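One letter stands for each residue in the lines below.
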Amino acid sequence: MARFVLALDQGTTGNTVLVIDDGANVVGRASNEFPQIFPRPGWVEHSPDDIWSGLQTTIGQALDNAGIAGSDVGAIGITNQRETTVIWDHAGIPIANAIVWQDRRTSDRCAELKSQGLEDMFKSSTGLVLDPYFSGTKVAWLLDNVDGARQKAEQGQLKFGTIDSFVLFKLTGGTVHATEPSNASRTLLYNINDGQWDHQLCKFLDVPTDVLPDVLPSSGVFGETRGLEILPDGIPVSGIAGDQQAALFGQACFSPGQSKCTYGTGAFLLLNTGDTAVQSNFGILTTVAWELPGQPLAYALEGSAFIAGAAVQWVRDGLEIIDSAPAIEDLAGSVPDADGVYFVPALSGLGAPHWNPDARGVIYGITRGTTRAHIARATLDGIAFQITDLIRAMDEDSPTPLAELRVDGGATANNLLMQTQADLLQIPVIRPQNIETTAFGAGFLAGLGAGIWDTTQAIIDNWKTDRVFEPEMSADEAAERL
């Protein structure tokens, strides 16, 4: 039996593929970036074809780096940028570019739904707020703005999905149109209380139910590979979860009260609440964490900051004051603090707990003494301030305040950012040895679904600490800065 798991991490700015052996060791890895498309201010798109072709290339590179053939793969897991919306036809051809989760074009539609007094109903059913972040209004926009799309959808000729569904459709040669609850719960169309698509919500959002994928458990066989050049037929695709839920799984946060924060393009804080869907009163979302076969839905509270690592990318590509993202740490560390400069990185509006899609970024406190080092320092501070906002709001909803924070994602390699985060939170920040927990979580869901692992104990055994960042700033100073 083939004992390697292929974990596909389809992110906002690029694809990462891990090859994991049955001892839970990463034995191969590859990644690539793909273009970001900005047709208008506030609009963000991706080409689904770019995503798929880049993913196939990355799979081949990861297999080569691991020194194995496609026939050695026993299971495939998928994790993905979540709310990003794709509509395609029966041949797998997209009708338009994907609308990315950061996109703000449906702000007016969300405001209109709020004015009709529908937000409380949506929140109680979906755990979400009415914001253009989520997929539902994106689906309706595509159907209404692509010639002939709504008519085709009503005739059953089109399929909607988040990126996991699109990749699954491609991997299985167009034979499977499905998703799982963690992704479905980010659409504004899925009732998290009864675990089904909600026809009333679909009606309010004007989304035909015929375009929706089947919702299956997060771990288990969705389908098998078919008709691919890079992989043989018959490999089970046996695990799927949205990127943040996959990271919670990969961080071994299986018990209620455990939490993690992933610092990627955005930053996302999740707190496991077990089989209870806790409704927030402080601007935090309720979401499905995962569904394992034969078990009830597992839930989480989530706080979302739309811009985190993307702020560093903007400092690199927009301001051009650093040559590479990692270079920001040395530049920011060359000054003791930001010298009164504050950067609010609302480059795609503000997410939790503020939920202001019309907010825009601000750099404040600039003087003649301000240097690019101070702006770099303020950028890292701004990321940490946002996460502190989220945790303070989440502590209001949670019966017990967070005692520690597990972190992952590319930006956690920045020691200055992690120390700043610990200082502001006044709790330990724990970075594991493996910071690619998003792909790792998807790989474990797939391995469980294909029988490579029997229990979650293997992931608990594999989780190891790299470094603990203890607060070095006094509580009074942290409060003053906040």
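In this text the structure is predicted, and so the values were computed from the model without any measurement. (Residues numbered from 1 in each chain as written. Predicted model: local features only at pLDDT ≥ 70, side-chain atom pairs only at ≥ 80, totals over all residues. Heavy atoms only, no water.)

(A) Here's a closer look at the overall build of the protein chain. Tallying secondary structure elements over the protein chain gives 16 helices and 23 strands in all. Its C-alpha atoms give the protein chain a radius of gyration of 21 Å, near enough to 23 Å, the size a compact globule of 482 residues would have. Among the 482 residues that make up the protein chain, the fraction classed as buried is 60%. Pairs at least 24 residues apart make up 72% of the contacts formed inside the protein chain by residues separated by at least 6 positions. Seen as two clouds, the 29 positive and the 59 negative side-chain charges of the protein chain have centres 4 Å apart. (Helix = DSSP H or I, 4+ residues; strand = E, 2+ residues; numbered from the N terminus. Rg over C-alpha atoms; globule rule 2.2 N^0.38 Å. Buried < 20%, exposed > 50% of the residue type's maximum accessible area, 1.4 Å probe, protein only. Contact = heavy atoms within 4.5 Å. Lys, Arg positive; Asp, Glu negative; His and termini not counted. Charge placed at Lys NZ, Arg CZ, Asp CG, Glu CD.)

(B) Here's a closer look at the pairing of strand β1 (residues 4–10). Of all the seven residues making up β1, six are buried; the element is thus mostly covered by neighbouring parts of the structure. Where β1 meets strand β5 (residues 73–80), seven bridges bridge the pair, whose relative direction is parallel. Bridge pairing in β5 places Val5 opposite Ala75. Pairing geometry for β1 and strand β2 (residues 14–20), over six bridges, is antiparallel. Across the sheet, the residue bridging to Gln10 is Asn15, located in β2. (Pairing = 2+ DSSP bridges.)

(C) Structural context of the sheet that holds strand β21 (residues 405–408). Spatially, seven strands are ordered β17-β18-β16-β15-β21-β22-β23 in an open sheet, and the strand pairing comes out mixed. The sheet terminates laterally at β17 (285–290) and β23 (465–469), the two strands that pair on one side only. Between one strand axis and the next, the sheet turns through 30 degrees on average, direction left out of account. Against the sheet, helix α12 (residues 372–397) engages β15 (259–263), β16 (267–274), β18 (298–305) and β21, with an angle of about 140 degrees to β18. (Axes fitted to C-alpha atoms, helices over the stretch in contact; angles between N-to-C directions.)

(D) Up close: the pairing of β16. Counting buried positions along β16 yields eight of eight residues, so the element is predominantly enclosed. Going residue by residue along β16, you find Ala267, Leu269, Leu271 and Thr273 tucked away on one face and Phe268, Leu270, Asn272 and Gly274 tucked away on the opposite face as well. Here β15 folds back onto β16, and the loop between the two strands holds three residues.

(E) Broad picture of the environment of Ser238. Structurally, the position occupied by Ser238 is in strand β14 (residues 236–242). By relative accessible area, Ser238 is classed as buried at 0%. Here the alpha-carbon distance between Ser238 and Phe469, two residues 231 residues apart in the chain, equals 36 Å.

(F) Structural context of unusual backbone geometry. Residue Ala352 is joined to Pro353 through a cis peptide bond whose omega torsion reads -5 degrees. Relative to the helices and strands, Pro353 is located in the loop between β19 (342–344) and β20 (362–364). Even without being a glycine, Ala24 presents a positive backbone phi close to 65 degrees. Examined against the element boundaries, Ala24 turns out to sit in the loop between β2 and β3 (26–33).

(G) Representation of the nonpolar core within the structure. Among the nonpolar cores identified, the biggest contains 118 residues, and Tyr263 and Leu405 are the most heavily contacted of them. Take this core: its biggest share by element is 13 residues, from α12. With near-sequence residues (within four places) excluded, Tyr263 lies in contact with Ile383, Ile387, Leu405, Val407, Asp408, Gly409, Gly410, Ala411, Thr412, Leu417, Met418 and Gln421. Ranked by size, the runner-up nonpolar core spans 34 residues in total, among them Leu8, Ile51, Ile68 and Ile78. (Core = buried A, V, L, I, M, F, W, Y, C linked by side-chain atoms within 4.5 Å.)

(H) Empty space enclosed by the protein, seen in detail. Considering all chains together, one arrives at one cavity of 30 Å³ or more under this definition. Taken together, Phe160, Gly161, Thr162, Ser165, Thr179, Asn183, Ala184, Thr187, Trp197 and Pro213 make up the full set of residues lining the largest cavity. Secondary-structure elements contributing two or more residues to the lining of the largest cavity are β8 (158–162) and α7 (181–184). Take the lining of the largest cavity: its biggest share by element is three residues, from β8. Class assignment of the residues belonging to the lining of the largest cavity gives a composition of four nonpolar, six polar and no charged. (1 Å grid on protein atoms, 1.4 Å probe; cavity = no way out; pocket = protein on both sides within 12 Å on 5 of 7 lines; lining within 4 Å. Points joined across faces, edges and corners; volume = space filled by probe spheres on them. Nonpolar A, V, L, I, M, F, W, Y, C, P; charged D, E, K, R; others polar.)

(I) A look at the environment of Val73. Here Val73 shows up in strand β5. Since its relative accessible area comes to 5%, Val73 is described here as buried. Linking Val73 and Leu6, residues 67 residues apart in sequence, is a C-alpha distance of 6.6 Å.

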